Amino acid sequence: MRSAIIGACGMLGLGGATAEATEVKTAILGYTEPDRVTAIEAIVDGQHAFDNGKIFNFRLVYDALTGASATGAAPSSLAQTFTRPSGEGSYRVAPGETPLDDTFRDTRMALSAGLTMPLNRVTNFSFGLYGSGEYDYVSLGANTALTRDFNQKNTTVALRGAFFSDSISPEGGRPVPFTAMPDEGIEKAQLSGDGSKTVMDLGVGLTQVLNRSTVVHLNYTYSDVNDYQTDPFKMLSVVDPVTGDPRGADAYLYENRPDARTKHVLFGRVAKHLGRDIVHLSYRYFTDNWGIDSHTFDLTYRWNFGGGKYLKPHLRYSDQGAADFHRSFLVDGEALPEHASADYRLGDMQALTYGLTHGRIVGDGHELTVRLEYYVQSGDSHPAEAIGVLQNYDLFPTVDALIFQVGYTFDLME
Amino acid sequence: MNKTLLMIAMCLCLAISAWAQDAADEFELENFAGSVVLVDFWASWCVPCQYSLPWLNAMQEKYGDQGLQVVTINLDRKPAAAAKMAGNLAEGIRQFGDPEGELAARYELEGMPSSYLYDREGQLITSHVGFLKADSDKHEAEIEHALEGKQQ
Amino acid sequence: MTWLGKTLRAAGLMLLTGALLGGATGCANLGVKPWERDLLAEPGMEIDPDVVITALDEHIYFSKEASTGGLGTAGGGCGCN
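Predicted, not measured: the structure shown is a model, and the values here were computed from it.

J.: Give a description of the interface of chain A and chain C that names residues and reports values.
T.: Frequently, the measure chosen for interface size is the accessible area removed from exposure when the parts meet. In this complex, chain A contributes 85 residues to the contact, which on the side of chain C involves 51 residues. Of the residues assigned to the side of chain A that touches chain C, the class counts are 37 nonpolar, 30 polar and 18 charged.

This is the structure:
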């Protein structure tokens with residue numbers, strides 16, 4: 001008698017769509033680090049609900065960035081000269097300065113699309129495809145998910161899987177790990193062909209309505225990354241064990257990362273309605289077999305003024321422990337470790353974000369949002385192992401960035 | 001001056017209460033005996049209800065003469081929240097407000113919206129959870145079938 | 001990892017364990033009736049209320065930090081800067 005129909009009010013946004021309707025979210029974001037990277041990102045995210053309950057979604061992301069990026073080489077009391085990745089040309093870094101490659105520029109285009117289809121009133125199946133391209137990087141992927149509601153939609157269990165296949169063909173080729181940066185005009189020792197890597201993600205999620213005003217979400221993700229994960233542009237200084245300045249010859253070695261990385265991520269989030277305002281609190285624990293672990297907290301408070309107007313302060317704090325093979329530099333005369341990278345992103349660090357989003361309804365139910373955020377990242381500027389002159393320099397300069405975003409969301413109803 | 005304001009306020013109140021719904025405890029299926037009754041539970045915050053209400057309007061207007069009685073039961077806690085949508089309901093639809101969810105609990109609703117179709121004797125013919133526009137023709141056929149069925 | 005990190009780690013793990021235990025022990029007793037979802041249906045009450053901000057931020061953090069992902073499915077890319 002009771003016919004099973006999808007499209008009964010779900011607890012997550014999508015569950016409500018039951019007739020032809022399209023929602024489009026757009027945003028443009030500017031990102032700027034004083035003295036380093038400047039980036040612009042644009043995104044269009046659309047969802048079309050068919051009147052049979054299927055939902056098609058697509059996302060287009062464009063980003064362009066230019067600026068200077070840390071190479072991993074350590075500062076020195078001497079002026080340093082580095083060959084550009086292409087092998088043609090070089091740049092000089094003044095004494096005491098953190099070596100930055102200032103010719104960094106890239107443009108990325110990413111497109112993804114997927115379809116979610118109800119199998120019955122409480123079960124949804126989805127699959128999607130992903131592709132992105134940069135000047136020297138291509139990533140192709142596919143993902144699928146199965147979600148099932150229990151207990152009058154108060155409990156939702158999700159199973160997810162994704163696979164990506166990436167390839168990299170950097171300008172100047174992929175250097176043989178731990179070989180020395182050659183002088184200008186001399187070809188570096190290269191690995192043959194393009195670098196490739198695969199990523200497999202498996203996830204399980206649980207969403208639970210606790211009461212009329214509270215929802216919790218828990219998520220576990222296992223990720224297995226294989227093959228080439230070394231950054232072909234990053235290097236390490238080999239310094240004199242006494243002075244701490246780069247050794248006389250072959251002073252800069254290209255980095256070397258392990259080929260296999262297994263990550264585990266636990267993520268929990270609570271959404272709580274306080275009567276007028278809404279608060280979201282989340283925590284993420286990350287650990288991998290490279291020895292990196294991190295704890296990330298995220299808090300937003302949506303302060304509703306009525307009429308669709310709100311202010312949303314945001315606070316994020318992340319504390320990351322370094323990869324086992326992270327080194328600020330290598331020491332001349334010591335045996336080479338199996339793997340090493342001086343990439344500051346693999347180091348010990350604390351990152352703090354604070355921001356404010358304002359949203360308001362304009363026109364016929366369209367939403368306009370404006371967001372300003374400040375991001376600051378700091379690490380161990382004076383590690384205990386610093387030698388000689390390196391004790392005088394900041395080996396983890398603070399990185400800060402300003403983020404500005406304008407977003408616009410609109411519906412195309414039947 | 002104050003009187004004018006009072007008048008305006010009263011007019012506004014009247015305008016809002018023009019869609020006034022009957023209390024939940026006044027809802028008795030027997031009162032509609034002889035009609036084919038379509039009972040629909042809805043709320044202003046329920047997204048599919050935005051699509052089911054216009055369809056209910058169309059059904060009442062099309063089949064009211066043949067003996068269809070659409071009955072809506074609104075489940076908004078604050079009835080004012082439902083005013084705009086309820087105000088657009090067709091004439092002839094009987095509206096009830098159930099802010100405490102008493103009727104919803106009695107019907108043991110599985111989802112929103114939920115609808116129940118009764119024949120002229122008050123026997124349940126079918127019920128639906130949720131609303132998919134793609135299925136509205138099927139639901140209309142069920143109503144037609146019920147209307148053609150047993151006559152008074 | 002700093003002392004602050006260790007404290008936060010302990011707090012975070014306790015939060016997560018509590019949530020897991022709370023979730024596992026009484027799922028069937030938790031929740032609301034289908035007609036009691038007025039607050040849960042409000043804009044901003046989704047588990048991820050702004051997928052666009054999440055996507056953009058994840059991309060930024062992906063290129064600035066080594067520990068990313070886990071919020072859903074991530075995209076590819078090298079983040080080489």
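J.: Hey, could you go over the environment of B:Pro113 for me, with residue numbers and the actual values?
T.: Residues and elements named next belong to chain B. Positionally, Pro113 belongs in the loop between α4 (102–107) and β5 (114–118). Placed 15 residues apart in sequence, Pro113 and His128 show a C-alpha to C-alpha distance of 8.2 Å. In contact with Pro113, other than residues within four places in its own chain, are Asp40, Phe41, Trp42, Cys46, Pro48, Cys49, Ser52, Gly130 and Phe131.

J.: Quick one: what's the story with the interface of chain C and chain B, residue by residue and with numbers?
T.: Taken together, the contacts link six residues of chain C with twelve residues of chain B. In terms of residue class, the side of chain C that touches chain B is built from three nonpolar, no polar and three charged.

J.: I'd like a rundown of the pairing of strand β23 (residues 366–379) of chain A, residues and numbers included.
T.: Residues and elements named next belong to chain A. Examined bridge by bridge, strand β22 (residues 349–362) and β23 share 14 bridges and lie antiparallel to one another. Following the sheet pairing, Ile361 is matched in β23 by Glu367. Once β22 ends, the chain turns through three residues before running back antiparallel as β23, passing Gly363 with a positive phi of about 60°.

J.: So what about the pairing of strand β5 (residues 80–83) of chain A? Which residues, and what values?
T.: In summary, the side chains of a regular strand alternate between the two faces of the sheet. All names here are of chain A. Of the pairings in the sheet, the one linking β5 to strand β6 (residues 90–93) comprises four bridges and is antiparallel in character. Residue pairing in the sheet places Phe82 in a bridge with Tyr91 of β6. Between β5 and the antiparallel strand that follows it, β6, lie six residues; Gly87 among them carries a positive phi value of about 90°.

J.: Any details on helix α2 (residues 51–64) of chain C? Residues and values, ideally.
T.: Residues and elements named next belong to chain C. Its 14 residues give α2 an end-to-end C-alpha distance of 20 Å, which sits within 8% of 20 Å, the value for a rise of 1.5 Å per residue. A large share of α2 lies buried, amounting to ten of its 14 residues. Within the span of α2, buried status applies to Val52, Ile53, Ala55, Leu56, Asp57, His59, Ile60, Tyr61, Ser63 and Lys64.

J.: Explain the sheet that holds strand β16 (residues 252–254) of chain A to me, using residue names and the numbers behind them.
T.: All names here are of chain A. With mixed pairing, three strands are arranged side by side in an open sheet as β16-β15-β21. At either end of the open sheet lies a strand with only one pairing partner, and these are β16 and β21 (330–331). Strand direction decides the pairing type here: strand β15 (residues 235–239) and β21, joined by two bridges, are parallel. Among the inter-strand pairings, Val238 is bridged to a residue of β21, identified as Leu330.

J.: I'd like to hear about the environment of A:Gly53, residue by residue, with values.
T.: Within the element layout of this structure, A:Gly53 appears in the loop between β3 (38–49) and β4 (55–70). Note: C-alpha distance between A:Gly53 and A:Val225 (172 residues apart in sequence) is 35 Å.

J.: Kindly report on the confidence of the model for chain C, identifying the contributing residues and their values.
T.: Summing up the model confidence of chain C, the mean pLDDT is 75 and the portion of residues at 70 or higher is 57%. Contacts of residues 73–81 of chain C to residues separated by more than four positions or lying in other chains number 34 contacts, the stretch itself having pLDDT below 50.

Rules behind the numbers
- Residues numbered from 1 in each chain as written.
- Chains lettered and ligands numbered in written order.
- Predicted model: local features only at pLDDT ≥ 70, side-chain atom pairs only at ≥ 80, totals over all residues.
- Contact = placed C-beta atoms within 7 Å.
- Nonpolar A, V, L, I, M, F, W, Y, C, P; charged D, E, K, R; others polar.
- Helix = DSSP H or I, 4+ residues; strand = E, 2+ residues; numbered from the N terminus.
- Pairing = 2+ DSSP bridges.
- Expected span 1.5 Å × (residues − 1).
- Buried ≥ 20, exposed ≤ 12 C-beta atoms within 10 Å, placed from the backbone.
- pLDDT = per-residue confidence, 0-100.

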